[in-house]
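Residue-level structure breakdown
Below, each chain spelled out in residue letters.
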Amino acid sequence: MSNNEYIAGIQTDLIGKLQPLFAYIPYLKDKEGYNTSALLDGDMAPKESVPVPVYDPKVLAFVKEAQKTGLINRNYIYPYKKLGIASPRDERLAISGAKFKDIDGVIAIMSKYVLGGMTKGYMWAEAVEEGIWLHCLLKLKELLEMHDHPLA
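Keep in mind that this is a model prediction, so the values were computed, not measured.

Here is what the cut-offs are and how they apply
- Residues numbered from 1 in each chain as written.
- Predicted model: local features only at pLDDT ≥ 70, side-chain atom pairs only at ≥ 80, totals over all residues.
- Heavy atoms only, no water.
- Helix = DSSP H or I, 4+ residues; strand = E, 2+ residues; numbered from the N terminus.
- Buried < 20%, exposed > 50% of the residue type's maximum accessible area, 1.4 Å probe, protein only.
- Salt bridge = Lys/Arg side-chain N within 4 Å of Asp/Glu carboxyl O.
- 1 Å grid on protein atoms, 1.4 Å probe; cavity = no way out; pocket = protein on both sides within 12 Å on 5 of 7 lines; lining within 4 Å.
- Points joined across faces, edges and corners; volume = space filled by probe spheres on them.
- Nonpolar A, V, L, I, M, F, W, Y, C, P; charged D, E, K, R; others polar.
- Core = buried A, V, L, I, M, F, W, Y, C linked by side-chain atoms within 4.5 Å.
- Axes fitted to C-alpha atoms, helices over the stretch in contact; angles between N-to-C directions.
- Parallel < 35°, antiparallel > 145°, perpendicular 65-115°, else oblique.
- Left-handed = near helix turned anticlockwise from the far one by under 90°.
- Contact = heavy atoms within 4.5 Å.
- Phe/Tyr/Trp six-rings, centres within 6.5 Å; stacked < 30°, edge-to-face > 60°.
- Lys NZ or Arg CZ within 6 Å of the ring centre and 35° of its normal.

**Details of the overall build of the chain**
- Helix and strand counts for the chain come out as eight helices and two strands.
- Along the chain, helices (α) and strands (β) appear in the sequence α-α-β-β-α-α-α-α-α-α when read from the amino end.
- Here the chain, with 152 residues, has 38% of them falling under the buried criterion.

**Observations concerning the pattern of salt bridges**
- Within the structure shown, the criterion is met by six salt bridges.
- The partner of E91 in a salt bridge is K112, and the shortest N-O contact between them spans 2.9 Å. Of the two residues, E91 is situated in helix α5 (residues 88-96) and K112 in helix α6 (residues 103-116); the sequence distance between them amounts to 21 residues. No difference in accessibility class separates E91 from K112, as the two residues are buried.
- Linking D102 and K101 is a salt bridge whose minimum nitrogen-to-oxygen distance equals 3.3 Å.

**Some details on the layout of surface pockets**
- The computed volume of the largest pocket comes to approximately 290 Å³.
- Around the largest pocket, the lining is made up of 15 residues, and of these L14, L71, I103, D104 and I107 lie nearest the centre.
- Where the lining of the largest pocket is concerned, the elements lending two or more residues are α1 (3-22) and α6.
- Examining the composition of the lining of the largest pocket, we find that five residues originate from one element, α6, more than from any other.
- Taken together, the residues of the lining of the largest pocket sort by class into nine nonpolar, four polar and two charged.

**Looking at the nonpolar core**
- Residues L18, L28, F62, M110 and W133 are the most contacted members of the largest nonpolar core, which totals 43 residues.
- Put simply, the parts of the chain that give this core at least two residues each are α1, α2 (25-31), α3 (57-68), α6, α7 (122-129) and α8 (132-146).
- It is α6 that contributes the most residues to this core, nine residues altogether.

**A word on the packing of α6 against α8**
- As a packed pair, α6 and α8 sit with axes 10 Å apart at the nearest point and diverge in direction by 155°. If you check the angle between α6 and α8, you find them roughly antiparallel. The two elements α6 and α8 meet at a crossing, and its hand is left-handed. Residues I103, V106, I107, I109, M110, Y113 and V114 of α6 lie in contact with α8, whose contacting residues are I132, W133, C136, L137, K139, L140, L143 and L144.
- When the residues that make up the contact of α6 with α8 are grouped by side-chain class, the tally is 14 nonpolar, no polar and one charged.

**Some words on the environment of R92**
- Residue placement: R92 occurs in helix α5.
- Placed 43 residues apart in sequence, R92 and H135 show a C-alpha to C-alpha distance of 7.0 Å.
- Ignoring any residue separated from it by four or fewer positions in sequence, one finds R92 in contact with E130, I132 and H135.

**A look at the packing of aromatic side chains**
- Applying the stated criterion across every chain yields a total of three aromatic pairs.
- Between Y24 and F62, the aromatic rings sit 5.4 Å apart at their centres with planes inclined by 80°, giving edge-to-face as the arrangement. On the criterion of sequence distance, the pair formed by Y24 in the loop between α1 and α2 and F62 in helix α3 is long-range, its members being 38 residues apart. Across the pair, F62 and Y24 agree in class, each one buried.
- Judged by centre distance (6.2 Å) and plane angle (85°), the rings of Y76 and Y80 are edge-to-face. Judged on exposure class, the residue Y76 and its partner Y80 are both buried.
- Taken together, the aromatic side chains of Y24, F62 and W133 make up a single cluster linked through ring pairs.
- Looking at K141, its charged tip hangs above the ring of F22, at a distance of 5.8 Å from the centre.

Given below as structure tokens:
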């Protein structure tokens, strides 16, 4: 198998898995910079009750769809640490500078927020508000389209 055939196989696999997520790009563009969660503290609940985060249904649908891709990996931390990231700003910089060979890093950033939000509820809202998921999807789409015709 040639290098081009190998790259084309990876590309085809990733496009098939990511295509459903690309449908969320317009929503994520609209919501970038805005909070997509609220706390339900229950006006009639006892004073000792814990507020429960409530998310925009599209955010929950995105998380569920992302998990179905099979790309969200609990071992995201290894490719993530290679990027030397310390903040959402650093994440956006790493995403914007990513090349085809860096796709694992972009998916690791996306995984961090999908998985992290399951235990730290603010992370899903942060991923939308900071544009992390949006920039991940835009970069993945760009990289996969750019390699539509790999060089010989």
